[in-house]
Amino acid sequence: MQHSNTTMQQKDALVAKRRSESPVDTDEIVALATAAGYTVADTVTQVRHEDPGLYFGAGKVDAIAAMVGSNEISTVIVDGELTPAQHRNIAERLPDETRLIDRIRLILDIFADQATDTRAKLQVEREQLRYELSRYEAAPDEGWFNRRTEKGSPRYDLLDRIDRLKQKLEETPHPGVRMRRQRREQGFDLVTIAGYTNAGKSTLLHRLADDLELSAHDDHHQDTSATAAIEDRLFKTLETTTRRVTIRGRPVLCTDTVGYVEALPHRLIASFSETLSEAASADVVLLVTDGSDEPDRYRDKLQVSIDVLDEQGVDRSRVIPVINKIDRIDERTLRERKALTTGALCEPVAISARDGRHIDRLLQRIYEHLPVDRRVLELPNEAAAMSLVSEAYETMDVNDVTYEGDTIRLDVEGRPSVIDTFEARVQ
Ligand SMILES: Nc1nc2c(ncn2[C@@H]2O[C@H](COP(=O)(O)OP(=O)(O)OP(=O)(O)O)[C@@H](O)[C@H]2O)c(=O)[nH]1
Ligand SMILES: [Mg+2]
């Protein structure tokens, strides 16, 4: 394609960040820009209260404009949410053709770029349009104009496109959700891996998963056949991946989900809610944190993650905090991160998904959280009994089997609903 070279050049960006108080840390916004495919040529920071018209101070905007001009930078990325007026005012001071994007739009771009399955693509597109719409509606002059003209206006056009996407989404079933519902009925416990982007969720899924992928036994599902990709890149995972994990004989489905990030637009969360609400319906939610983050970042990310889980209606008693990447930190740092986590949630499990350290402890903690019932079931010792016994081994944790004349006694542990169903059949 003829634009490949120019596109590369156009991906140079200047990142600008303002905060009311220092420090102004640009690591995350630079990582987000990189994930969106930009090469960050420079960063500019300012400690100042927000200017209602320009977001930054006027002098800072002029300095940014000068840097953009002299270095031929194509894009300015602002780590914040700009009002339509601020957007226009800053853009007016930048050299012509400079693209100005804020944090929300950047995140949406990354999602758009990373989404691969049809549903995710449709969801992101809908969010992009909703974002455009909110911009139109917030801009007093254009909004007024569009409301007046209604049909044929950009606003009407956006509403129409959003509506059509909604219909398409309704017509596009989510294979994962349906599959997990069926699996639950068959006795699988559900574990969801949640947490801030880049915490190591996908690495943990690989570590926990049985060798066999679900798709090896089941109908083909897009959701289960994809392997969770791991990369030191934000928002590597956008679609859920589910793998089978066996914990002390008990079959568990473990799902890796899209990572959280500060200021992830609420509606975007809602639109990915089939993914995120995995957490709400799961028996256990592993909230993964990156133990190697600096204390302030650690605290912020943990809080963002807890907020998202709360928003999704996740029962806190089902959350197990997991401090990951402990291979990168010393004992003292780990103690501090543990204290922060325990203060916000409860006692965490510290692991390294990369080298496998303490995965056994994590499995034990998960096991303790699974809903269990222990019962002794009796079944007649007949021809059909053997297949029932082997079925019990597949769906429950069998502690003991005793044969007494005409009766087989099974001492089992498992999901109450599974034991109920089994018991009803053998009686
Ligand atoms: N040192 C160390 N690095 C780890 C560990 N676990 C994951 N990583 C690295 O952290 C980076 C992110 O890992 P992922 O598993 O892709 O993280 P994620 O949470 O799935 O990220 P997103 O899908 O982008 O939200 C990769 O470079 C991993 O190799 C760990 O225990 N120790
Ligand atoms: Mg991932």
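Before reading further, recall that the structure is shown in the block above.
Overview of the structure. (Residues numbered from 1 in each chain as written. Chains lettered and ligands numbered in written order. Predicted model: local features only at pLDDT ≥ 70, side-chain atom pairs only at ≥ 80, totals over all residues. Heavy atoms only, no water.)

Some thoughts on the overall build of the chain
Point 1. Across its full length, the chain carries 19 helices and 13 strands.
Point 2. By residue count, 48% of the 427 residues in the chain fall in the buried class.
Point 3. Taking all contacts inside the chain whose residues are at least 6 apart in sequence as the whole, residues at least 24 apart take part in 73%.
Point 4. For the chain, the exposed surface amounts to about 20,500 Å²; the carbon and sulfur share of it is 46%. (Helix = DSSP H or I, 4+ residues; strand = E, 2+ residues; numbered from the N terminus. Buried < 20%, exposed > 50% of the residue type's maximum accessible area, 1.4 Å probe, protein only. Contact = heavy atoms within 4.5 Å. Areas by Shrake-Rupley, 256 points an atom, 1.4 Å probe, with all protein chains shown as cover.)

Considering the sheet that holds strand 8 (residues 284-290)
Point 1. On the basis of which strands lie adjacent, the open sheet formed by six strands has the order 6-7-5-8-9-10 and mixed pairing. Strands with a single pairing partner mark the edges of an open sheet, and in this sheet they are strand 6 (241-247) and strand 10 (349-350).
Point 2. Relative to strand 7 (residues 250-256), strand 5 (residues 189-195) runs parallel, the two sharing five bridges. What sits directly across from leucine 190, in strand 7, is leucine 253.
Point 3. Its contacts with the sheet place helix 16 (residues 331-344) against strand 9 (319-324) and strand 10, and it is angled at close to 160° to strand 9.
Point 4. Together, strand 5, strand 6, strand 7, strand 8, strand 9 and strand 10 form the strand contacts of helix 17 (residues 359-369), whose direction differs from that of strand 9 by roughly 170°. (Pairing = 2+ DSSP bridges. Axes fitted to C-alpha atoms, helices over the stretch in contact; angles between N-to-C directions.)

Concerning the sheet that holds strand 2 (residues 39-47)
Point 1. Strand order in this open sheet of four strands is 2-1-3-4, and the pairing throughout is parallel. The two strands at the open ends of the sheet, each matched to only one other strand, are strand 2 and strand 4 (99-102). Strand after strand, the sheet turns through a mean of 20° between neighbouring axes, direction not considered.
Point 2. Relative to strand 3 (residues 75-78), strand 1 (residues 12-19) is paired through four bridges, and the arrangement is parallel. Of the residues in strand 3, the one forming a bridge with valine 15 is isoleucine 77.
Point 3. Against the sheet, helix 2 (residues 27-35) contacts strand 1, strand 2 and strand 3, and its axis sits at roughly 150° relative to strand 2.
Point 4. Docked against the sheet, helix 3 (residues 58-71) engages strand 1, strand 2 and strand 3, running at close to 165° with respect to strand 2.

Brief notes about the pattern of salt bridges
Point 1. Evaluated as defined, the whole model comprises 30 salt bridges.
Point 2. Between arginine 18 and glutamate 50 there is a salt bridge whose closest N-O contact spans 3.6 Å. In this pair, arginine 18 is assigned in strand 1 and glutamate 50 in the loop between strand 2 and helix 3, connecting sequence segments 32 residues apart.
Point 3. For arginine 18, a relative accessible area of 8% gives the class buried.
Point 4. With relative accessibility at 37%, the residue glutamate 50 sits in the partly exposed group.
Point 5. Across the pair arginine 299 and aspartate 296 runs a salt bridge, and its minimum N-O distance is 3.4 Å. (Salt bridge = Lys/Arg side-chain N within 4 Å of Asp/Glu carboxyl O.)

Things to note about the packing of helix 5 (residues 103-114) against helix 6 (residues 118-138)
Point 1. The geometry of helix 5 relative to helix 6 is characterised by a closest axis approach of 9 Å and an angle of 160° between their N-to-C directions. As judged from the angle between their axes, helix 5 and helix 6 are roughly antiparallel. Of the two elements, helix 5 crosses helix 6, and the hand of that crossing is left-handed. In this structure, helix 5 contributes Ile104, Arg105, Leu108, Asp109, Phe111 and Ala112 to the contact, and helix 6 contributes Val124, Glu127, Gln128, Tyr131, Glu132 and Arg135.
Point 2. Class assignment for the residues of the contact of helix 5 with helix 6 results in six nonpolar, one polar and five charged. (Parallel < 35°, antiparallel > 145°, perpendicular 65-115°, else oblique. Left-handed = near helix turned anticlockwise from the far one by under 90°. Nonpolar A, V, L, I, M, F, W, Y, C, P; charged D, E, K, R; others polar.)

Thoughts on the packing of aromatic side chains
The relation between two aromatic rings is expressed through the spacing of the ring centres and the mutual angle of the planes.
Point 1. Under the counting rule described, the total for this entry stands at one aromatic pair.
Point 2. Ring geometry for tyrosine 55 against phenylalanine 56: centres 5.0 Å apart, planes inclined by 85°, an arrangement best described as edge-to-face.
Point 3. On the basis of relative accessible area, tyrosine 55 is assigned to the buried category, the value being 4%.
Point 4. Stacked on the ring of tyrosine 38, the Lys or Arg lysine 11 has its end atom at 4.3 Å from the ring centre.
Point 5. Its end group placed over the ring of tyrosine 298, arginine 337 keeps NZ or CZ at 5.9 Å from the ring centre. (Phe/Tyr/Trp six-rings, centres within 6.5 Å; stacked < 30°, edge-to-face > 60°. Lys NZ or Arg CZ within 6 Å of the ring centre and 35° of its normal.)

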